Protein chains: 2
Amino acid sequence: MDERVRDHARTLVDWSARIEAGDAVVVSVAEGAHDLAVAVAAELAARDADPVFTYASGEVARATLRNRESYTEDPAHELALYEGSDAVLHLGGGRNTAATADVPGDRRRASARATRGVREARLATRWVKTVHPTRSLAQEAGMAYEQYRDFVYGAVLRDWAALRAENARLKAVLDDGSTVRVVNEGTDVSMRIDGRTAVNSSASVVDDSHNLPSGEVFTAPHATEGEVTFGLPTVHSGTRIEDAWLRFEDGEVVAHDAARGAGALADLLDTDDGARRLGELGVGTNRGIDRTTGNLLFDEKMAGTVHLALGRAYDACLPPGEAGTDSAVHVDLITDMRGDSRLEVDGEVVQRNGTFRWEDGFEAGG
Amino acid sequence: MDERVRDHARTLVDWSARIEAGDAVVVSVAEGAHDLAVAVAAELAARDADPVFTYASGEVARATLRNRESYTEDPAHELALYEGSDAVLHLGGGRNTAATADVPGDRRRASARATRGVREARLATRWVKTVHPTRSLAQEAGMAYEQYRDFVYGAVLRDWAALRAENARLKAVLDDGSTVRVVNEGTDVSMRIDGRTAVNSSASVVDDSHNLPSGEVFTAPHATEGEVTFGLPTVHSGTRIEDAWLRFEDGEVVAHDAARGAGALADLLDTDDGARRLGELGVGTNRGIDRTTGNLLFDEKMAGTVHLALGRAYDACLPPGEAGTDSAVHVDLITDMRGDSRLEVDGEVVQRNGTFRWEDGFEAGG
């Protein structure tokens, strides 16, 4: 076995999920994630944790979704499994990113509605989402298999403690700040972040960070004004959206366009009221990620990018009792900050052309 | 998808497990059983049953068993999953029948001891064990892949209602009988079956039959006397036992031998007191199975064979309150009845040379 698979498993179990002896764990294994599952089994056993391995197959999901006419609300045996779990490790990596392409949207929504309790029980655990590199994901990324494996481990096997310390500087700036302004070609947008708390997302549940890889600092903005061009592509419900453009007034999208996927963008905005508002402002900080690969788990973490999510805000960013944007969706759109760009907090430049002010090469002037 | 995979799934869900709307189901998927899992998902969804798919990988099990030093007794989340389930469908079919060959026996036993409650919860459901044909199993059988697929579906896709009616005739004879005598070359053994109930094993949980394929009638004998030669091979804990020979006195093995695997046979007999006594007398009735393939799920069901199991008796064969043979093991050994042979109940020949007395070609004289 590639030693990096073992390192991945160790990082997942120790740094990300903080597994300890006696932890009840669910390990969800995608069709192509077998090797990582074997490595995770060894690490969990060495820590005396108790795993149940579930099979997360896109083709099995498709067969269920297409054939089910009515749903039981939160099946008791499934709910009991997750309610009794301390951690849930999602090992992604399928054999076909389009495995559920012919499942109608209403079928997906009916299933999602019926399993809300199960989902909440999962989200109440120390859950972590990661991905084992498969040929299918390499294809989606437009990469050779070996090249894609190098890419994934370059993003996953980082010095997370060091990145956490770096992220802490940006978090401090955002926590103290009141307004954020993002400027690049086609973008000049401002939003308020006063009273909101930034999350230091460094791939560990101790910081409310549930992705491996991670590498971002995010908060929940409001009162957004201005326009944004999203130069990097995103995929929403199987449709690729390229060069999306949004204009905000008083926190709400009032005009929109896209070079590709304009219809999907319009559908997204029509989901509900919250889908026309921002739920997240995120700043990517993972320098192991230097390109988009059609997988948001990686794309939104890319150093030198900022992403804005339409839809639901994360509770971790909100003061107790305050509701942020509520929506059935949360879709990240990414704007490139590596060219001529500025990220300002309360009028001060925090990042210019992708370089933070505490990094070498930062140009103070403008 | 091969239409036979769908037929297999339908037989499993309807005839074997008797799945109904709202049933909470666990589907355990072996490494090579993906296609059957997809077909089962479609059938369960069409019946509005609620499945949780678990991943039953030999390599994952090996990683756990080799790395675990101490065990939690019956992990609560796993126990809750099975205690909340109405049915458990085991879809076997791995990629390597020797996947756990280097796991020491004491490790296996420690794991088995720690999960007794989980196992009992599973056995309290409408559980069914079946197998998806894989290349690994074809190899074990010494068959080409296509040939093995034909073999498996020939055994699985039978007219089970008709076989159940046939089995009922043999069950009636055994239920009414007091002594059974089995005679073939190297075999002349008698045992008592009075007071015991035969199980009509026709692949349906309604008859306490939990294997697909099935095709046998079995009961729990006692007071065994005589000798048996087992001309067909069996595999116990990874070791092949060929041409085993046992002599019984007063229900207990008093002498034994084997052309191959004599050590494994001796170890088996030394497990505990029950391992030297019979727990089962079974008569194979599945005419779709015409050869042994190194997989007891099939081998013991072969028409024209009788199997005797050393070890634990099944409760379904015993009168309420009466204990049969108790043991940690239950290992089937198979004797061939297709040559010069007789199966007698209370002195009357019920089967001669593999043909039952109610079948065409039965020779009444001897």
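All values derive from a computational prediction rather than experimental measurement. (Residues numbered from 1 in each chain as written. Chains lettered and ligands numbered in written order. Predicted model: local features only at pLDDT ≥ 70, side-chain atom pairs only at ≥ 80, totals over all residues. Heavy atoms only, no water.)

Notes on the sheet that holds strand E8 (residues 216-219) of chain A
Residues and elements named next belong to chain A.
1) Next: One open sheet holds the five strands; their spatial order is E7-E8-E14-E15-E16, and the pairing between them is antiparallel. The open sheet has two edge strands with one neighbour each: strand E7 (199-201) and strand E16 (330-336). Adjacent strand axes in the sheet meet at a mean angle of 25° when their direction is disregarded.
2) Next: Here E7 pairs with E8 via three bridges, running antiparallel. Along E8, the bridge assignment pairs Val199 with Phe218. (Pairing = 2+ DSSP bridges. Helix = DSSP H or I, 4+ residues; strand = E, 2+ residues; numbered from the N terminus. Axes fitted to C-alpha atoms, helices over the stretch in contact; angles between N-to-C directions.)

Some points on the pattern of salt bridges
1) Next: On inspection of all chains with the given rule, the structure shows 68 salt bridges over all chains.
2) Next: Here Arg66 of chain A makes a salt bridge to Asp102 of chain A, at a shortest N to O gap of 3.3 Å. Placement of Arg66 of chain A in helix H3 (residues 58-67) and of Asp102 of chain A in the loop between strand E3 (87-92) and helix H5 (105-114) is noted, with a sequence separation of 36 residues between them.
3) Next: Taking relative accessible area as the criterion, Asp102 of chain A reaches 38% and is therefore assigned partly exposed.
4) Next: The salt bridge involving Arg68 of chain A is made with Asp50 of chain B; its shortest N-O contact spans 2.9 Å. Here Asp50 of chain B lies in strand E2 (residues 50-56) and Arg68 of chain A lies in the loop between H3 and helix H4 (76-83), a pairing that spans two chains. (Salt bridge = Lys/Arg side-chain N within 4 Å of Asp/Glu carboxyl O. Buried < 20%, exposed > 50% of the residue type's maximum accessible area, 1.4 Å probe, protein only.)

Comments concerning the confidence of the model for chain A
1) Next: Of all residues in chain A, 100% attain a pLDDT of 70 or more, and the chain-wide mean is 95.
2) Next: Interface scoring of the predicted complex returns ipTM 0.93; its pTM is 0.94. (pLDDT = per-residue confidence, 0-100.)

With respect to the relation of the copies chain A and chain B
1) Next: Rotating chain A by 180° about the axis while translating it 0.0 Å along that axis superimposes it on chain B, leaving an RMSD of 0.1 Å. Taken together, these values place the two copies in the relation of a two-fold axis. Using C-alpha coordinates, one finds that chain A approaches the rotation axis most closely at Thr54 of chain A, a distance of 1.9 Å.
2) Next: Both copies contact each other with a shared surface, as 100% of the interface residues of chain A are interface residues in chain B too. (Least-squares fit on C-alpha atoms with pLDDT ≥ 70 in both. Contact = heavy atoms within 4.5 Å.)

What about the packing of aromatic side chains?
1) Next: Inspection of every chain in the model, using the stated rule, returns nine aromatic pairs over all chains.
2) Next: For the ring pair Tyr55 of chain A and Tyr55 of chain B, a centre distance of 5.6 Å and an interplane angle of 10° mean the geometry is stacked. Placement of Tyr55 of chain A in strand E2 (residues 50-56) and of Tyr55 of chain B in strand E2 is noted, with the two residues assigned to different chains.
3) Next: For Tyr55 of chain B, a relative accessible area of 10% gives the class buried.
4) Next: Considering the side-chain rings of Phe218 of chain A and Tyr314 of chain A, the 5.5 Å spacing of their centres and the 55° angle between planes classify their relative orientation as tilted. In this pair, Phe218 of chain A is assigned in strand E8 and Tyr314 of chain A in the loop between strand E15 (305-311) and E16, connecting sequence segments 96 residues apart.
5) Next: Exposure remark for Phe218 of chain A: the relative accessible area of 7% places this residue in the buried category.
6) Next: Through pairs of rings, three or more aromatic residues link up here, namely Tyr148, Phe151 and Phe298 of chain A.
7) Next: Lying across the ring of Tyr82 of chain A, Arg122 of chain A places its NZ or CZ 5.3 Å from the centre.
8) Next: Note that Arg135 of chain A overlies the ring of Tyr145 of chain A, its terminal NZ or CZ placed 3.9 Å from the centroid. (Phe/Tyr/Trp six-rings, centres within 6.5 Å; stacked < 30°, edge-to-face > 60°. Lys NZ or Arg CZ within 6 Å of the ring centre and 35° of its normal.)

Remarks on the nonpolar core
1) Next: Ranked by size, the top nonpolar core spans 102 residues in total, and within it Val40, Leu89 and Leu91 of chain A together with Val40, Leu89 and Leu91 of chain B carry the most contacts.
2) Next: Setting aside residues no more than four positions away along its own chain, Leu91 of chain A makes contact with Leu12, Val27, Ser28, Val29, Ala30, Ala33, Leu36, Ala37, Val40 and Thr130 of chain A. (Core = buried A, V, L, I, M, F, W, Y, C linked by side-chain atoms within 4.5 Å.)

A look at the interface of chain A and chain B
1) Next: Across the boundary between the two partners, chain A contributes 38 residues, which contact 38 residues of chain B.
2) Next: Note on chain A versus chain B: buried area summed over both sides is about 3,100 Å², and carbon and sulfur give 62% of it.
3) Next: The largest per-residue losses of area from chain A upon contact with chain B belong to His34, Tyr55 and His77 of chain A, which jointly make up 24% of the total buried on that side.
4) Next: In this assembly, chain A and chain B are joined by four salt bridges.
5) Next: The leading source of residues in the side of chain A that touches chain B is helix H2 (residues 34-46) of chain A, at seven residues.
6) Next: For the side of chain A that touches chain B, the class distribution of residues is 20 nonpolar, ten polar and eight charged. (Buried area = accessible area lost by both parts, 1.4 Å probe. Nonpolar A, V, L, I, M, F, W, Y, C, P; charged D, E, K, R; others polar.)

Re the packing of H4 of chain A against helix H6 (residues 116-123) of chain A
All names here are of chain A.
1) Next: Packing of H4 against H6 leaves a shortest axis separation of 8 Å and a crossing angle of 15°. Judged by the angle between their axes, H4 and H6 are roughly parallel. Pair H4 / H6 crosses with left-handed handedness. On H6, the residues touching Glu78, Leu79, Tyr82 and Glu83 of H4 are Gly117, Val118, Ala121 and Arg122.
2) Next: In terms of residue class, the contact of H4 with H6 is built from four nonpolar, one polar and three charged. (Parallel < 35°, antiparallel > 145°, perpendicular 65-115°, else oblique. Left-handed = near helix turned anticlockwise from the far one by under 90°.)

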